[in-house]
Amino acid sequence: MFTLGTAMECPHCGEKQYYTKRARKRSAVVTLLTPFIILLNLFDISPYLLVGIYLVFGLSIMGIFPFLIELSNEEEPLW
(Lines give C-alpha, C1' and ligand atoms only; values in the text may rest on other atoms or scores of the structure.)
Protein backbone atom coordinates (compact mmCIF):
# COMPACT_ATOMS: atom_id res chain seq x y z
CA MET A 1 0.00 0.00 0.00
CA PHE A 2 2.81 2.41 0.82
CA THR A 3 5.49 2.16 -1.83
CA LEU A 4 7.52 4.69 -3.74
CA GLY A 5 8.54 2.25 -6.47
CA THR A 6 6.38 1.23 -9.39
CA ALA A 7 6.66 -2.51 -8.76
CA MET A 8 5.77 -4.72 -5.84
CA GLU A 9 6.91 -8.26 -5.32
CA CYS A 10 4.21 -10.91 -5.02
CA PRO A 11 4.57 -12.73 -1.69
CA HIS A 12 3.35 -15.99 -3.26
CA CYS A 13 5.22 -16.31 -6.56
CA GLY A 14 8.01 -13.75 -6.16
CA GLU A 15 7.17 -12.04 -9.49
CA LYS A 16 7.06 -8.26 -9.83
CA GLN A 17 3.56 -6.83 -10.05
CA TYR A 18 2.59 -3.33 -11.17
CA TYR A 19 -0.43 -1.12 -10.51
CA THR A 20 -2.75 -0.92 -13.48
CA LYS A 21 -3.51 2.44 -15.04
CA ARG A 22 -7.04 2.29 -13.66
CA ALA A 23 -5.81 1.59 -10.10
CA ARG A 24 -3.37 4.52 -10.21
CA LYS A 25 -6.14 6.88 -11.32
CA ARG A 26 -8.45 5.65 -8.55
CA SER A 27 -5.79 6.11 -5.88
CA ALA A 28 -5.05 9.61 -7.21
CA VAL A 29 -8.70 10.59 -6.78
CA VAL A 30 -8.71 9.34 -3.19
CA THR A 31 -5.46 11.21 -2.52
CA LEU A 32 -6.90 14.44 -3.93
CA LEU A 33 -9.69 14.33 -1.33
CA THR A 34 -7.18 14.91 1.48
CA PRO A 35 -6.73 18.69 0.96
CA PHE A 36 -10.49 19.18 1.19
CA ILE A 37 -10.55 17.44 4.56
CA ILE A 38 -7.66 19.65 5.73
CA LEU A 39 -9.67 22.73 4.72
CA LEU A 40 -12.05 21.94 7.59
CA ASN A 41 -9.52 23.81 9.76
CA LEU A 42 -10.86 27.05 8.28
CA PHE A 43 -14.25 26.56 9.91
CA ASP A 44 -14.98 27.03 13.57
CA ILE A 45 -15.01 23.33 14.50
CA SER A 46 -13.97 21.85 17.81
CA PRO A 47 -10.38 20.47 17.76
CA TYR A 48 -11.67 17.18 19.17
CA LEU A 49 -14.17 16.87 16.34
CA LEU A 50 -11.45 17.66 13.78
CA VAL A 51 -9.19 14.94 15.20
CA GLY A 52 -12.12 12.53 15.05
CA ILE A 53 -12.87 13.45 11.44
CA TYR A 54 -9.20 13.03 10.49
CA LEU A 55 -9.04 9.62 12.18
CA VAL A 56 -12.22 8.40 10.50
CA PHE A 57 -11.04 9.71 7.13
CA GLY A 58 -7.60 8.12 7.49
CA LEU A 59 -8.95 4.77 8.64
CA SER A 60 -11.55 4.82 5.86
CA ILE A 61 -8.89 5.37 3.22
CA MET A 62 -6.74 2.58 4.62
CA GLY A 63 -9.78 0.30 4.67
CA ILE A 64 -10.96 1.13 1.14
CA PHE A 65 -7.57 1.33 -0.56
CA PRO A 66 -6.94 -2.44 -0.85
CA PHE A 67 -10.19 -2.80 -2.79
CA LEU A 68 -9.09 -0.15 -5.31
CA ILE A 69 -5.87 -1.94 -6.21
CA GLU A 70 -5.52 -3.95 -9.39
CA LEU A 71 -2.20 -5.47 -10.37
CA SER A 72 -0.70 -6.46 -13.69
CA ASN A 73 2.39 -8.38 -14.78
CA GLU A 74 3.43 -5.51 -17.05
CA GLU A 75 3.82 -1.81 -16.30
CA GLU A 76 1.27 0.32 -18.14
CA PRO A 77 1.86 3.97 -19.06
CA LEU A 78 -0.40 6.34 -17.17
CA TRP A 79 -1.55 8.18 -20.30
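Reference entry: report on the structure contained in this document. Since the model is a prediction, treat every value here as computed from it, not as a measurement.

### Describing the pairing of strand E2 (residues 16–19)
And then number 1: Alignment of strand E1 (residues 7–9) against E2, held across three bridges, turns out to be antiparallel. Within the sheet, the bridge partner assigned to Met 8 lies in E2 and is Gln 17.
And then number 2: As consecutive antiparallel partners, E1 and E2 are separated by six residues, and within that stretch Gly 14 has a phi angle of approximately 80°, a positive value.
And then number 3: Bridge count between E2 and strand E3 (residues 71–72): two bridges; the pairing is antiparallel. From the neighbouring strand, Tyr 18 faces E3, where its bridge partner is Ser 72.

### Here's the deal with the sheet that holds E2
And then number 1: Taken in spatial order, the three strands of this open sheet run E1-E2-E3, and their pairing is antiparallel. Strands at the two margins of the open sheet, each flanked by one partner only, are E1 and E3.

### Here's the deal with the environment of Arg 26
And then number 1: Among the structural elements, Arg 26 can be located in helix H1 (residues 21–32).
And then number 2: Along the backbone, Arg 26 and Phe 65 are 39 residues apart, and their C-alpha atoms lie at a distance of 9.1 Å.
And then number 3: In contact with Arg 26, not counting residues within four places along its chain, are Phe 67, Leu 68 and Glu 70.

Thresholds, definitions, all that
Residues numbered from 1 in each chain as written. Predicted model: local features only at pLDDT ≥ 70, side-chain atom pairs only at ≥ 80, totals over all residues. Heavy atoms only, no water. Pairing = 2+ DSSP bridges. Helix = DSSP H or I, 4+ residues; strand = E, 2+ residues; numbered from the N terminus. Contact = heavy atoms within 4.5 Å.

Nothing here speaks to function; it is all geometry.
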